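Chain by chain, the residues run as shown.
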Amino acid sequence: MDDAQARRWLATAVAEARAGLAEGGIPIGAALYGADGSLLGRGRNRRVQDGDPSVHAETSAFRAAGRQRSYRGTTMVTTLSPCWYCSGLVRQFGISRVVIGEARTFHGGHDWLAEHGVEIVLLDDPGCAAMMRDFVEGHPALWSEDIGDA
Ligand SMILES: [Zn+2]
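Read on for a plain summary of the structure. (Residues numbered from 1 in each chain as written. Predicted model: local features only at pLDDT ≥ 70, side-chain atom pairs only at ≥ 80, totals over all residues. Heavy atoms only, no water.)

Let's shift gears to the overall build of the protein chain. Scanning the protein chain from N- to C-terminus turns up seven helices and five strands. Relative to its length of 150 residues, the protein chain is compact, with a C-alpha radius of gyration of 14 Å against a globular reference of 15 Å. Dimensions along the principal axes, computed over C-alpha positions, put the protein chain at roughly 40 × 30 × 25 Å. In the protein chain, which comprises 150 residues, the proportion classed as buried is 48%. Partitioning the intrachain contacts of the protein chain with sequence separation of at least 6 by distance along the chain shows that 54% fall at a separation of at least 24. Summed over its atoms, the accessible surface of the protein chain is roughly 7,100 Å², and 48% of this surface lies on carbon and sulfur atoms. (Helix = DSSP H or I, 4+ residues; strand = E, 2+ residues; numbered from the N terminus. Rg over C-alpha atoms; globule rule 2.2 N^0.38 Å. Buried < 20%, exposed > 50% of the residue type's maximum accessible area, 1.4 Å probe, protein only. Contact = heavy atoms within 4.5 Å. Areas by Shrake-Rupley, 256 points an atom, 1.4 Å probe, with all protein chains shown as cover.)

This part is about the pairing of strand E4 (residues 97-102). Most of E4 sits inside the fold, with six of its six residues counted as buried. Direction of pairing for strand E3 (residues 75-80) relative to E4: parallel, over a ladder of five bridges. Paired with Met 76 across the two strands is Val 98, which belongs to E4. Taken together, E3, helix H4 (residues 84-93) and E4 form a β-α-β motif whose crossover is right-handed. Summarising the sheet, E4 and strand E5 (residues 119-122) pair through four bridges and their orientation is parallel. Within E5, the position partnered with Val 99 by the bridge is Val 121. At this point the chain moves from E4, through helix H5 (residues 110-115), to the parallel E5, and the crossover so formed is right-handed. (Pairing = 2+ DSSP bridges. Right-handed = clockwise from strand over helix to strand, strands pointing away.)

This part is about helix H1 (residues 3-22). The first and last C-alpha atoms of H1 sit 28 Å apart over 20 residues, in line with the 28 Å expected at 1.5 Å per residue. Looking at H1, one finds that the buried residues are Ala 6, Trp 9, Leu 10, Thr 12, Ala 13, Val 14, Glu 16, Ala 17 and Gly 20. Count one or two residues on from H1 and you reach Gly 24, which has phi positive near 90°. (Expected span 1.5 Å × (residues − 1).)

Our next topic: the pattern of salt bridges. Applying the stated criterion to the full structure yields nine salt bridges. Measuring nitrogen to oxygen at the nearest pair gives 2.7 Å for the salt bridge that ties Glu 16 to Arg 44. Here Glu 16, found in helix H1, pairs with Arg 44, found in strand E2 (residues 39-44); they are 28 residues apart in sequence, far enough to count as distant. As a salt-bridge pair, Arg 46 and Asp 50 come within 2.8 Å of each other at their nearest N and O atoms. In this structure, a network of salt bridges that share partners links the residues Glu 16, Glu 23, Arg 42 and Arg 44. (Salt bridge = Lys/Arg side-chain N within 4 Å of Asp/Glu carboxyl O.)

Below, the structure is given as structure tokens:
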């Protein structure tokens, strides 16, 4: 896909991540875009805010999008490589493409998704990496809890 468009879409996910950070949450944001490029839903990790470990950025954006007849051609945009849970969501619903801000601070399931035909666009955005690195250094226990590594 077009790199400039991928980065514009990433900006939506980054805005969600920053809002989460401002709320005292884990700074991971996501957005689901339709095949026509329209924004279907956006969201952020709300483990801390809602006390709900199942509200990851991707699941939050997915739920905000409501029911879609088909996910063919849709793109999940996320600031961080998707965990197994969110990678499973992408495969379960047949989301066609995942745009990822960075995979340096956490390498999730995106290689597995690529093996199964999902288009992966890894932007390696330094701003996303810095945001997560700062967060993980400041809140190591919270981060371990989030990735199921506590
Ligand atoms: Zn996840």
